[in-house]
Each structure stands twice: as structure tokens, then as C-alpha cells.
Amino acid sequence: MVSEGLMPWAPIVQRWENLDEVLGTECWIVRDDLLPFPLAGNKVRKIEAELSSIPGDVGVLITNGGVDSNHCRTVAMFAAQRGIQAHLVLHGDESDFNSTSIKMLEALGATFDIGPASTIRERVEQAEQRQILENEKAHIVSGGGHTAAGAQAFKDAGIAAFRTNNFDQVFVASGTGATQGGLVAAAEISSLKTEVIGVSVARDKSRGIPPVEEAAKWAGAQSPHITFLDEYRAGGYGKSDTQVEEAVQLGWRLGVPLDFTYTGKAFSAMVDLSRRDRLGEKVLFWHTGGLFNWVSLTQKLAHPN
């Protein structure tokens, strides 16, 4: 934890000169993948903020996401640290029961069920009802950490990162919306010059823009400007294509650990826009984590059965 009076999880802002020649601009990176919390990435900001606002008598945290979800793993880790139970409603199939991600959730003492994405809402409701019958007080954490507290946490982080750097563009992987929305609110306060570019990891614009705008307003933005690119999602959540794979490979060779689900898509957008001469003079890549996703996928490919 940080000393009293300092913002929790202060952003680690690094100058990344070996990217300058590749992208043709001055490059910086916020290293949320290096925050002092195990393999959480950007999720640690959202979950810490959310849990700080809930009653102390909550005995179970319920949330949902994919089997390899950074969000679900982070909730399970926080729950274990606080001595409470986590129940995770996951979307996947039978082959996932032996995955490294599941082994980690089991090690943390979390309970979970795995099924189709289309049944998530129903299974979350069932899990909550079970806790009521067992006289346990449960708190449902919105998937991906899409909460007002999560958006505010990223507003605070954005203000800290933008305070001494007037970036032209900020690239960030955008999923459920609170990360990008919080950064949009921070940019509105810190620098009207800065454009926060969300690169979708799953949703098209019709589904992706409204929650980002909602989160930005939660965080206090008065007139949020939302830039949301959906042409780099490679077919949807957890999927990749040649463009994403090439971007991930390039990032690793430059010392930037990327994954195929989240950060690789945001980085592929930066690379593509640089080739089309559409980057500003000073660009920030907000690294949201995902190393565990890369490790998990690599192991699945190496041992498909």
C-alpha cells in the first residue's frame, strides 16, 4: 500500500524511446501492468475503489467475466486478502476446467461456475439467491469493473498522468467502459488538447460508446468527447488476427509485454495509425496489463488437450 496522503496505485509513467523510431513520434507508456498487485493490470484501480465503498459485513463478492478474465482474477485476489468469499460466473466451456486461470482461482479459494455467455445474467441472479438462502450478504461487482467508483479511480489516475505531460493522444484498450470513461473525464479537466482513443477489445461502436460516455459522466465529464475504434477487435473478445499477432510480436521485441485479448489490439491501432501518418507529436500508450492472458494462451496452444 502507499503512504497516507498519496493517491493509491499512482500511475507509473515511462518514456519509451525505442518506440519513437518505430511509430515516428514521441512515445510514453503508463505501466498499469506493473502496479504492485499480482497480475491485475488496470483492474486493481477499479476493484480497490469499488470495495472501498461497500459495507464491512459483506461476506461474498459475485462477479462475472471470461475464464481468463483479469477482472475476475483480481476480485478473487482481493477477496482472499480480505478474508471473504468470491464467486465467479464465467463464460467458457468444459475444456477450460483444467486451464491455468482456473487453477489460480481454485488456489485463491474462489468458487465458480462455467457456462455460455448468454446465461451470465441468469447465473449471477442464481448465485445471489443462493447467498440469500444461506444468510450471507453478497455484493455484486459489475463485470469489468464498470462502476462509478471504477470510473472515478481512472479519472484520478489520468489527472496524475496528464499533470506534467500534454499528450496529443492516449491509446487504451476499451472493454466495459470505465477505464476509458475515467480517462476522458481526466483529459477534459487536464488538457483539452488530449484525445483519449479507446480501442475496442470486443464491442462494436453501437454497444461500446454508450457505456464509455456513461462512465465519463459518472466521473464528472461535462461534455465527453468519445473516440472509440472498433476496427481492431479481430472478430470479438478473446479473438485475434494477423494484425494483432504482428503487433504483439513487435511489442515483445521492443520490451513491451502485450497480449492478444486486450493490449495487443490497442497497440495494433497505434501501429496502423502511425503507418497512415495519423499520430500526434506526443503519444501515450496506457498499458492495461494482460501478461497472464498471454501466458495462459501460450500454454493452451502448447498443450491443446
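Structural data are supplied above this passage.
Predicted model, so just to flag it, every value in this text is computed and none were measured.

A.B. asks: Summarise the sheet that holds strand S7 (residues 169–174); cite the residues concerned and give the values.
C.D. replies: What the six strands build is an open sheet, ordered S1-S2-S10-S7-S8-S9; its pairing is mixed. Either end of the sheet is taken by a strand with one partner, and the two such strands are strand S1 (13–15) and strand S9 (227–229). Neighbouring strand axes in the sheet, compared pairwise and without regard to direction, differ in orientation by 25° on average. Relative to strand S2 (residues 26–31), S1 runs antiparallel, the two sharing three bridges. Each residue of the ladder has a partner; that of Gln14, found in S2, is Ile29. Seen against the sheet, helix H6 (residues 148–162) touches S1, S2, S7 and strand S10 (282–287) and runs at an angle of roughly 145° to S10.

A.B. asks: Outline the nonpolar core, listing residues and values.
C.D. replies: Membership of the largest hydrophobic core comes to 30 residues, with the highest contact counts inside it found for Leu19, Leu23, Phe171, Val199, Phe267, Met270 and Phe285. Sorting the residues of this core by element identifies helix H1 (18–23), S2, S7, strand S8 (195–200), helix H9 (242–253), helix H10 (263–275) and S10 as the ones contributing at least two each.

A.B. asks: An account of the sheet that holds strand S3 (residues 60–66) is needed here, citing residue identities and associated values.
C.D. replies: Pairing within the open sheet is parallel, and its four strands lie in the order S5-S4-S3-S6. Here the strands that pair on one side only, and so sit at the sheet edges, are strand S5 (111–115) and strand S6 (138–140). Within this sheet the neighbouring strands show an average axis-to-axis angle of 20°, counted without direction. Strand direction decides the pairing type here: strand S4 (residues 85–91) and S5, joined by five bridges, are parallel. Counterpart to Leu90 in the pairing with S5 is Ile114. The strands touched by helix H3 (residues 70–82) are S3 and S4; relative to S3, the strand with the most contacts, the crossing angle is about 160°. Strands S3, S4, S5 and S6 of the sheet are contacted by helix H5 (residues 120–133), whose axis makes an angle of about 160° with S4.

A.B. asks: Go over the environment of Leu254, please, and point to the residues and values.
C.D. replies: Within the secondary structure, Leu254 sits in the loop between H9 and H10. Through-space distance from the C-alpha of Leu254 to that of Gln14 is 14 Å; in sequence the pair is 240 residues apart. Sequence-distant contacts of Leu254, that is, excluding residues within four places in its chain, are made with Trp16, Asn18, Leu19 and Val22.

A.B. asks: Lay out the pattern of salt bridges in plain terms, naming residues and giving numbers.
C.D. replies: Evaluated as defined, the whole model comprises eight salt bridges. A salt bridge links Arg15 to Asp20, with the shortest nitrogen-to-oxygen separation between them at 2.6 Å. Given a relative accessible area of 31%, Arg15 falls into the partly exposed group.

A.B. asks: Go over the packing of aromatic side chains with me, naming the residues and quoting the values.
C.D. replies: Scanning the model with the defined rule gives eight aromatic pairs in all. Between Trp28 and Phe167, the aromatic rings sit 6.2 Å apart at their centres with planes inclined by 70°, giving edge-to-face as the arrangement. Highlighted residues: Trp28 in strand S2 and Phe167 in the loop between H6 and S7, separated in sequence by 139 residues. For Trp28, a relative accessible area of 18% gives the class buried. Taken together, the ring pairs connect Trp28, Phe154, Phe162, Phe167 and Trp286 into an aromatic cluster. Seen from the ring of Phe154, Arg45 lies directly overhead, with NZ or CZ sitting 5.7 Å from the centre. Between the NZ or CZ atom of Lys282 and the centre of the ring of Phe167, over which it lies, the distance is 5.5 Å.

A.B. asks: How would you explain a nonpolar patch on the surface if you had to name every residue and give the values?
C.D. replies: On the surface, a cluster of nonpolar side chains totalling about 240 Å² of accessible area is made up of Leu39, Trp252 and Leu291. You can see Leu291 is positioned in helix H11 (residues 291–302).

Cut-offs applied
- Residues numbered from 1 in each chain as written.
- Predicted model: local features only at pLDDT ≥ 70, side-chain atom pairs only at ≥ 80, totals over all residues.
- Heavy atoms only, no water.
- Pairing = 2+ DSSP bridges.
- Helix = DSSP H or I, 4+ residues; strand = E, 2+ residues; numbered from the N terminus.
- Axes fitted to C-alpha atoms, helices over the stretch in contact; angles between N-to-C directions.
- Contact = heavy atoms within 4.5 Å.
- Core = buried A, V, L, I, M, F, W, Y, C linked by side-chain atoms within 4.5 Å.
- Buried < 20%, exposed > 50% of the residue type's maximum accessible area, 1.4 Å probe, protein only.
- Salt bridge = Lys/Arg side-chain N within 4 Å of Asp/Glu carboxyl O.
- Phe/Tyr/Trp six-rings, centres within 6.5 Å; stacked < 30°, edge-to-face > 60°.
- Lys NZ or Arg CZ within 6 Å of the ring centre and 35° of its normal.
- Patch = residues over 30% accessible without salt bridge, like charges linked within 9 Å, V, L, I, M, F, W, Y side chains within 5 Å.
- Areas by Shrake-Rupley, 256 points an atom, 1.4 Å probe, with all protein chains shown as cover.

Remember, this is a structural readout, not a statement about activity or role.
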